[in-house]
Amino acid sequence: MEITEKAAAKLNLCLDTPFRHSDGSLEWKMVMTAIDLADYVHIQTVTNTNEISVQTDNGFLPCDHRNLTYQAAHKIKQLFHIKTGLKISIKKNIPVAAGMGGGSADAAAVLRALNQLWQLHLSQAELAAIGLSIDSDVPFCIYSEPALVTGRGEKVTPLGPLPNMWFVVAKPPASVSTPTILKQVDHAEFQHLDVDSVVTGIKQQDLAMITANMGNVLENLTTKRYPDIARIKNKMLQFGTQTALMSGTGPTVYGVCQNYSRAVHVYNSLRGFCKEVYLVSPYTLPTSQQK
């Protein structure tokens, strides 16, 4: 048996962290969307072994137990006492260590695919609960649609479609370590964001309200280490995006455009300043995969 699952990247439209839990983990309050830039995860069952093997076309990714797809497959096999071996192949399109949730998206794709392949009949909420033990972005990536994300990342509330918009996404050459950035978080220094207004803007299909309230409290922390983020962000605004923002812990920066022709102009203009530039639209997981 085999199956291929699309693993969509994510962007944070608004990222805030209200406090740190006593165990050291962060409480999140975020609005996130999936985008139409995706990896493809192919899974094949292997009957004569219990082993999980992972291969990828990206040389920067580990293919052993450190890989999140390996962890996702191992978790499902363990929970349901499944002895069948698996061969996982990942076609990478999402930049690595970019703040776009590539590893989490791949892990979520494995959970969705194995749920289908082995007819486990787990709901999205059940898959999200399993995913949280792998990484805090996995629950959102299970849903892969515009959503409010709270708690440690496990509470995902779908918000319905975004208004018509395009994203120009630029990934500077730097790779950011998420744990390094999160260790530096000092909640007393943050100016907290109006996440609720972004949620209202989505529900009212009001792009101006959304863009006026978008923000990322981690942006200054990462920009101090990687000044390229501010440089690219300023270029995006100069070229005509309605707003520009770092995603996750960075270093990826994206700009929002209401119409496609403006987005194409920004995309073409940016390519002179940054090698990795993408023009993408919001993405929602097809209903057939929301099982």
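Scroll up a little and you will see the structure.
What you see as residue numbers is a count from 1 along each chain, following the sequence as written. pLDDT decides what is reported in this predicted model: residues at 70 or higher carry local features, side-chain atom pairs at 80 or more are listed and counted, and totals for whole chains, interfaces and linings draw on all residues regardless. Side-chain measures were taken over the full set of non-hydrogen atoms in the model, leaving aside hydrogen atoms and water.

### Remarks on the layout of surface pockets
Turning to step 1, where the next piece is worked out: The calculated volume of the largest pocket comes to roughly 1,100 Å³.
Turning to step 2, where the next piece is worked out: Surrounding the largest pocket, 43 residues form its lining, Ser104, Asp135, Asp137, Thr178 and Pro179 being those nearest its centre.
Turning to step 3, where the next piece is worked out: Where helices and strands are cited, they refer to DSSP runs of H or I of at least four residues and of E of at least two residues respectively, numbered from the N terminus. At the level of elements, strand 1 (2-16), strand 2 (28-46), helix 1 (68-79), helix 2 (102-117) and helix 5 (178-183) are the ones that each hand at least two residues to the lining of the largest pocket.
Turning to step 4, where the next piece is worked out: Among the residues making up the lining of the largest pocket, the classes are represented as 18 nonpolar, 16 polar and 9 charged.
Turning to step 5, where the next piece is worked out: Grid points spaced at 1 Å over the protein atoms alone were grouped into cavities, where a 1.4 Å probe fits but cannot get out, and pockets, open sets with protein on both sides within 12 Å along at least five of seven lines, with lining residues defined by an atom within 4 Å of a point. Grid points are joined across faces, edges and corners, and a volume is the space filled by probe spheres set on the points. Estimated volume of the second largest pocket: approximately 280 Å³.
Turning to step 6, where the next piece is worked out: With 4 residues, helix 8 (residues 219-225) is the largest single contributor of residues to the lining of the second largest pocket.
Turning to step 7, where the next piece is worked out: The residue classification treats Ala, Val, Leu, Ile, Met, Phe, Trp, Tyr, Cys and Pro as nonpolar and Asp, Glu, Lys and Arg as charged. All others, Gly included, are polar. Class assignment for the residues of the lining of the second largest pocket results in 5 nonpolar, 4 polar and 5 charged.

### As for helix 9 (residues 228-239)
Turning to step 1, where the next piece is worked out: The length a helix should cover is 1.5 Å for every residue beyond the first. Taking 1.5 Å as the rise per residue, helix 9 with 12 residues should run 16 Å; its terminal C-alpha atoms sit 16 Å apart, in good agreement.
Turning to step 2, where the next piece is worked out: Burial here depends on accessible area, computed with a 1.4 Å probe over protein chains only, as a share of the maximum for the residue type. Under 20% is buried, over 50% is exposed, and the range in between is partly exposed. Among the residues of helix 9, Ile229, Ile232, Lys233, Met236 and Phe239 are the ones counted as buried. What you see down the axis of helix 9 is that its buried residues fit within an arc of 130°, all on one side.
Turning to step 3, where the next piece is worked out: Contact definition: two residues touch when any of their heavy atoms are within 4.5 Å. The secondary structure elements touched by the buried residues of helix 9 are strand 7 (166-171), helix 8, strand 9 (243-246), strand 10 (253-257) and helix 10 (260-270). Throughout, the arc means the angular range of directions from the helix axis out to the C-beta atoms.

### Here we look at the pairing of strand 6 (residues 155-158)
Turning to step 1, where the next piece is worked out: Should DSSP find at least two bridges between two strands, the strands are regarded as paired. Direction of pairing for strand 5 (residues 147-151) relative to strand 6: antiparallel, over a ladder of 4 bridges. Considered in strand 6, the bridge of alanine 147 is made with proline 158.
Turning to step 2, where the next piece is worked out: Linking strand 5 back to strand 6 in an antiparallel pair, the connection comprises 3 residues, with glycine 153 at a positive phi of about 120°.

### Looking at the sheet that holds strand 7
Turning to step 1, where the next piece is worked out: Judged by pairing direction, the sheet is antiparallel, and its 4 strands sit side by side in the order 9-10-7-11 without closing on themselves. Only two strands of the sheet have a single partner each, and these edge strands are strand 9 and strand 11 (276-280). The mean angle between the axes of side-by-side strands here comes to 20°, regardless of whether they run parallel or antiparallel.
Turning to step 2, where the next piece is worked out: Where strand 7 meets strand 10, 5 bridges bridge the pair, whose relative direction is antiparallel. Residue pairing in the sheet places alanine 170 in a bridge with valine 253 of strand 10.
Turning to step 3, where the next piece is worked out: Orientation is described by axes fitted as lines to C-alpha atoms, over the contacting stretch for helices, and by angles from 0 to 180 degrees between their N-to-C directions. Against the sheet, helix 9 contacts strand 7, strand 9 and strand 10, and its axis sits at roughly 15° relative to strand 10.

Distances and angles like these do not, on their own, reveal function.
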